[in-house]
Amino acid sequence: MNDRMNAKILLAEDDNDMRRFLVKALQQAGFSVSSFDNGLAAYDQLRVEPFELLLTDIVMPEMDGIELARRATELDPDIKVMFITGFAAVALNPDNQAPRQAKILSKPFHLRDLVSEVQRMLAA
């Protein structure tokens, strides 16, 4: 079995408390996490470094998560995408061209649910 536990995750979340919370949970689960508070900064990082998973909020300043995900999959068709959002209906709207294989985790969620979902996606 391929060991994906040291997978690199790019996290884009504009809520500082939420971002710190997620980084800590994912690092404790053994992942390497780079985090940014806006989609544009996250996208700039994606252009210089490969990641296995993009974990992004949808509603963010400068570049929203859907645009970020679209650009991320253009750069790397193999990157996995998970949206964390309080607005699941937005992500599910077919008009916004979110990557079809993206997962959606609705807020509020338990950190263990996030971690197991991330592990499942990376193992797939």
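The coordinates are above.
The structure displayed is predicted, hence computed values, not measured ones.

Undergrad: What is the right way to read the overall build of the protein chain from this model?
TA: Looking only at helices and strands, one finds five helices and five strands in the protein chain. Counting from the amino terminus, the protein chain carries its helices and strands in the arrangement β-α-β-α-β-α-β-α-β-α. Within the span of the protein chain, comprising 124 residues, buried residues form 44% of the whole. Long-range contacts, defined as pairs at least 24 residues apart, comprise 64% of the intrachain contacts of the protein chain with a sequence gap of at least 6. Approximately 6800 Å² of the protein chain is accessible, and the part contributed by carbon and sulfur atoms is 48%.

Undergrad: Explanation requested: helix α5 (residues 111-123) in the structure shown.
TA: What sets the pattern is the α-helix's 3.6 residues per turn: residues three or four places apart point alike. The first and last C-alpha atoms of α5 sit 18 Å apart over 13 residues, in line with the 18 Å expected at 1.5 Å per residue. Where α5 is buried, its residues meet β1 (8-12), α1 (16-28), β3 (53-57), β4 (80-85) and β5 (103-106).

What counts and what doesn't
- Residues numbered from 1 in each chain as written.
- Predicted model: local features only at pLDDT ≥ 70, side-chain atom pairs only at ≥ 80, totals over all residues.
- Heavy atoms only, no water.
- Helix = DSSP H or I, 4+ residues; strand = E, 2+ residues; numbered from the N terminus.
- Buried < 20%, exposed > 50% of the residue type's maximum accessible area, 1.4 Å probe, protein only.
- Contact = heavy atoms within 4.5 Å.
- Areas by Shrake-Rupley, 256 points an atom, 1.4 Å probe, with all protein chains shown as cover.
- Expected span 1.5 Å × (residues − 1).

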